[in-house]
Amino acid sequence: MNTDPQELAELLPAPGRPVLSRDRHRVLREHLMQHITHEHDTVREQSATTGTAPGRPARRRLVLVAAPLALAAAVGLGVVAVDNARDGKDGTAAADGHQKAVQLLDRIALAAASRPTVTARDDQFIYTKSQGSAAELGVDFSSAAELAGHKGLFTPRPYNGAVRQEQWDAVDGKRDGLRKGVAVADPTQKMSMDMKGAGYLTFRQLQALPTDPDALLKKFAGDASDVSAARRTEVVVENLGAVVDEATLLPDLSAGIYRAMAKLPGVSVVDHVKDAAGREGVGLTFKNAPKGYAWVFDSSSLVYRGTTDAALLGVGVTDQAGEVPAG
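These figures come from a predicted structure and were not determined experimentally. (Residues numbered from 1 in each chain as written. Predicted model: local features only at pLDDT ≥ 70, side-chain atom pairs only at ≥ 80, totals over all residues. Heavy atoms only, no water.)

Visitor: Describe in detail the packing of aromatic side chains, supporting the description with residues and values.
Guide: All chains considered together, the criterion is met by five aromatic pairs. Look at Tyr 258 and Phe 297: their rings are 5.4 Å apart centre to centre, the planes differ by 80°, and that puts the pair in the edge-to-face class. With Tyr 258 in helix H9 (residues 251-262) and Phe 297 in strand E7 (residues 295-297), this pair connects stretches of sequence that are 39 residues apart. Residue class for Tyr 258 comes out buried when judged on its relative accessible area of 2%. Centre to centre, the rings of Phe 297 and Tyr 304 are 5.6 Å apart; their planes meet at 65°, and the pair counts as edge-to-face. Classification of Phe 297 as buried rests on a relative accessible area of 0%. You can call Tyr 304 buried: its relative accessible area is 5%. (Phe/Tyr/Trp six-rings, centres within 6.5 Å; stacked < 30°, edge-to-face > 60°. Helix = DSSP H or I, 4+ residues; strand = E, 2+ residues; numbered from the N terminus. Buried < 20%, exposed > 50% of the residue type's maximum accessible area, 1.4 Å probe, protein only.)

Here it is as structure tokens:
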């Protein structure tokens, strides 16, 4: 696929927008994941569908990172006063904060690399269980009649409470998957949906990704490698977030993701943060990320727990869609 850098630039918001809309994130994510997927398809001669396909709503794995904020309007005579002494202190604090994050990510990477590799056959499924908002996880409780009678992209009926989602994706991407959702506060609200085709990268394609952090950064930056550092960080974080759940089954790739994160500017540690399921841990956030947003890790084991928006409750391999891995 030949990607026009100007086309990518047109997908990005104008400077000064405080945050990317959900639609903008979806378009950017699909564009870049097509770029990544295409490389694997050329080698493996395998078709992979990215983003939202008919009968397949957008999968969760979306990391929301704010676009660079515009400079606040000057006050008084229109002059922004800069306290050089304070600026120096702030710069030192930022450097210290980044170094703390780098050290933590090194420990997280070492812990991830020490875990056993999970093997999976082509005829098996990767299972993930998550908790978060219905909008974040792509869960809707619309009736079968509503779904059947709608053509094109379907807008789910709003549900503001927390939901749990279970999802099964074919290891090789060649068979349909399954998604189930239930409202945490009201178990009578349930959803079950067949998933057509492959979504994002298949497990086999994850296994083929490089584990070197520099190579990962280059691949996951896609066509955004020539834009500003802030925008590049946004793209990389979003795309790493799209695969990090299933990557926990692949120690070398998981460790490579965390080492790649350590190379991003503006990463910092957030202590005593809770994931979307209420589990407290240590967090990592990024410059210009939405307020309160972080990736969350267990404080003791350093196992990835998901994010403040969507918690990862379980991941494993099953023989059939609908089965839950033992344990």
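Visitor: Hey, could you go over the pattern of salt bridges for me, with residue numbers and the actual values?
Guide: Tallied over the full model, the rule gives eight salt bridges. Between Lys 100 and Asp 271 there is a salt bridge whose closest N-O contact spans 3.4 Å. With Lys 100 in helix H3 (residues 84-113) and Asp 271 in strand E5 (residues 268-274), the pair connects residues that are 171 residues apart, well separated along the chain. Ionic pairing is found between Arg 279 and Asp 275, a salt bridge with its closest N-O pair at 2.7 Å. Classification of Arg 279 by relative accessible area gives partly exposed; the value is 26%. For Asp 275, a relative accessible area of 4% gives the class buried. What emerges from the salt-bridge pattern is a single network uniting Arg 121, Asp 123 and Asp 319. (Salt bridge = Lys/Arg side-chain N within 4 Å of Asp/Glu carboxyl O.)

Visitor: Lay out the confidence of the model for the chain in plain terms, naming residues and giving numbers.
Guide: Taken over all residues, the pLDDT of the chain has a mean of 74, while the share at 70 or more is 64%. Of all secondary-structure elements in the chain, the lowest mean pLDDT belongs to helix H1 (residues 5-11), at 38, while E7 reaches the highest, 98. Residue range residues 1-33 is modelled with pLDDT below 50. Its contacts to residues more than four positions away, or to other chains, number 74 contacts. In the predicted structure, residues 35-87 sits below a pLDDT of 50 and forms 129 contacts with residues beyond four places in sequence or in another chain. (pLDDT = per-residue confidence, 0-100. Contact = heavy atoms within 4.5 Å.)

Visitor: Kindly report on unusual backbone geometry, identifying the contributing residues and their values.
Guide: In the Ramachandran plot, His 272 falls in the positive-phi region, its phi being about 55° despite a non-glycine side chain. Along the polypeptide, His 272 turns up in strand E5. A relative accessible area of 64% places His 272 in the exposed class. A positive phi angle, near 65°, is found at Leu 302, a position not held by glycine.

Visitor: Which residues make up helix H7 (residues 213-221), and what values do they have?
Guide: All of the buried residues in H7 are Pro 213, Leu 216, Leu 217, Lys 219, Phe 220 and Ala 221. Two to three positions downstream of the cap, the backbone nitrogen of Asp 214 sits 3.1 Å from a side-chain oxygen, assigning the N-cap of H7 to Asp 212. With its phi angle positive at about 55°, Gly 222 sits one or two positions after the end of H7. (Polar contact = N/O pair within 3.5 Å; in protein donor to acceptor, adjacent residues only side chain to side chain.)

Visitor: For H9, give the residues involved together with the corresponding values.
Guide: Taking 1.5 Å of rise per residue, 12 residues should cover 16 Å, and H9 covers 17 Å from first to last C-alpha, within 8% of that figure. Among the 12 residues in H9, 10 count as buried, and that is most of the element. Residues Pro 251, Leu 253, Ser 254, Ala 255, Gly 256, Ile 257, Tyr 258, Ala 260, Met 261 and Ala 262 constitute the buried set of H9. (Expected span 1.5 Å × (residues − 1).)

Visitor: So, the side chain of Gln 131: which residues are in play, and what are the values?
Guide: In this structure, Gln 131 sits in strand E1 (residues 125-133). The exposure class assigned to Gln 131 is buried, which follows from its relative accessible area of 8%. Of the polar contacts made by the side chain of Gln 131, one reaches the side chain of Arg 164; its length is 2.9 Å. Sequence-distant contacts of Gln 131, that is, excluding residues within four places in its chain, are made with Leu 137, Ala 162, Val 163, Arg 164, Val 184, Ala 276, Ala 277, Asp 309, Ala 310, Ala 311 and Leu 313.

Visitor: Tell me about the environment of His 272, residues and numbers included.
Guide: Considering only alpha carbons, one finds His 272 and Val 296, 24 residues apart in sequence, at a separation of 9.5 Å. Among residues more than four places away in sequence, those in contact with His 272 are Glu 280 and Gly 281. Within the structure, the side chain of His 272 is placed 3.2 Å from the side chain of Glu 280, a separation counted as a polar contact.

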